[in-house]
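Listed below are the residues making up each chain.
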Amino acid sequence: MTGTGDDVRRPSGFLIGSIVALSFGTTFVMVNSGGPPGPWPAVLRVAGSAVAIVLLVGVLRARRLAAEARPGDVAGLADRRYWYVVAGEVVALFGGLYLINQVFETPEVAIAWVAVVVGVHFNALAWAWRMPMYHWLGAVMTLLGLAGFAAHALGASASTVALIAGVGSGFALYGAVAAAIRDTHQRAAAGA
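None of the values given here were measured: they were computed from a predicted structure.

Brief notes about a nonpolar patch on the surface
Where nonpolar side chains cluster on the molecular surface, the patch consists of Tyr98, Leu99, Val103 and Phe104 and spans about 430 Å² of accessible area. Counting through the fold element by element, Tyr98 comes out in helix α3 (residues 80-103).

Encoded structure:
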């Protein structure tokens, strides 16, 4: 996945980053789409799978267009800042889930917490790696998580919270992969 603008660094792992985003996006959709009545769980899962497959084909086609890593590009997993962000994410995720499930006994908002934490993690990576697209993705996922909390506070069912925060986050990740594919094609066309 990439950012835009002149003062933006490129990630060194377009293929790996896109596959990770597709995997987590599909997990968000599959795990959180089971609540609606009737055919809707199957419709959501089939739609999520179809989008993921189309995007995977797009990623595989675009990977040969992705530029080789340059000095100054994002080092991905080799970057110490990545591991600091992930460590903070793990502490916040599991600490918050413990409180939500064991102390507050509201497991129906667990997915909202996951969306908020993952969203904040993308904002931290956007700052560390100067990748504006991650700010966009982080903001969307954080807002979806907060919307899930708000829906619960207003009396929405666990299924509704899961659709908002979970399925919504899955499709946000799909959107980020689509943007990365677009950016890769645009850079190749511009000769960058």
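What about the confidence of the model for the protein chain?
Detailed reading of predicted coordinates is not advised where the pLDDT is low. On average, the protein chain scores 89 in pLDDT, and the residues at 70 or more come to 87%. When the criterion is pLDDT under 50, residues 2-10 qualifies, and its contacts beyond four places in sequence or with other chains add up to 32 contacts.

Here we look at the environment of Gly17
Locating Gly17 in the fold gives a position in helix α1 (residues 14-32). For the pair Gly17 and Ala180, spaced 163 residues apart in sequence, the C-alpha to C-alpha distance is 9.7 Å.

Quick word on the packing of aromatic side chains
Following the criterion strictly, the structure yields five aromatic pairs and no others. Ring centres 5.2 Å apart and planes at 85° place the aromatic pair Phe171 and Tyr174 in the edge-to-face group. Of this pair, Phe171 and Tyr174 both sit in helix α6 (residues 158-190), separated by three residues, roughly a single helical turn. By relative accessible area, which is 2% here, Tyr174 ends up buried. An aromatic cluster is built from Tyr82, Trp83, Phe122, Trp129 and Tyr134, whose rings are joined through pairwise contacts.

Description of unusual backbone geometry
Even without glycine at this site, Glu105 takes up a positive phi of about 50°. Locating Glu105 in the fold gives a position in the loop between α3 and α4 (110-129).

Rules used throughout
- Counting restarts for each chain, with residues numbered from 1 along the sequence as it is written.
- Whole-chain, interface and lining totals are the exception, using all residues; otherwise, since this is a predicted model, local features are given only for residues with pLDDT of at least 70 and side-chain atom pairs are given and counted only at 80 or more.
- Computation of side-chain values: all heavy atoms of the structure, hydrogens and water removed.
- By definition, no residue in a patch forms a salt bridge, and every one has over 30% relative accessible area; like charges are joined within 9 Å, nonpolar side chains (Val, Leu, Ile, Met, Phe, Trp, Tyr) within 5 Å.
- Methods summary: accessible areas were calculated by the Shrake-Rupley approach with a probe of 1.4 Å, and residue burial reflects only the protein chains presented.
- Salt bridge, as used here: a side-chain nitrogen of Lys or Arg that lies within 4 Å of a carboxyl oxygen of Asp or Glu.
- Only DSSP runs of H or I with at least four residues qualify as helices, and only runs of E with at least two residues qualify as strands; both kinds are numbered from the N terminus onward.
- A residue's pLDDT is the predictor's confidence in that residue, given on a scale from 0 to 100.
- Here, two residues are considered to be in contact whenever any of their heavy atoms come within 4.5 Å of each other.
- Geometry of aromatic contacts follows a simple scheme: Phe, Tyr and Trp rings, the Trp one being its six-membered ring, pair when their centres are within 6.5 Å, and the pair is stacked under 30 degrees between planes, edge-to-face over 60, tilted otherwise.
- Only protein chains enter the area calculation, which uses a 1.4 Å probe; residues under 20% of their type maximum are buried, those over 50% are exposed, and those in between are partly exposed.

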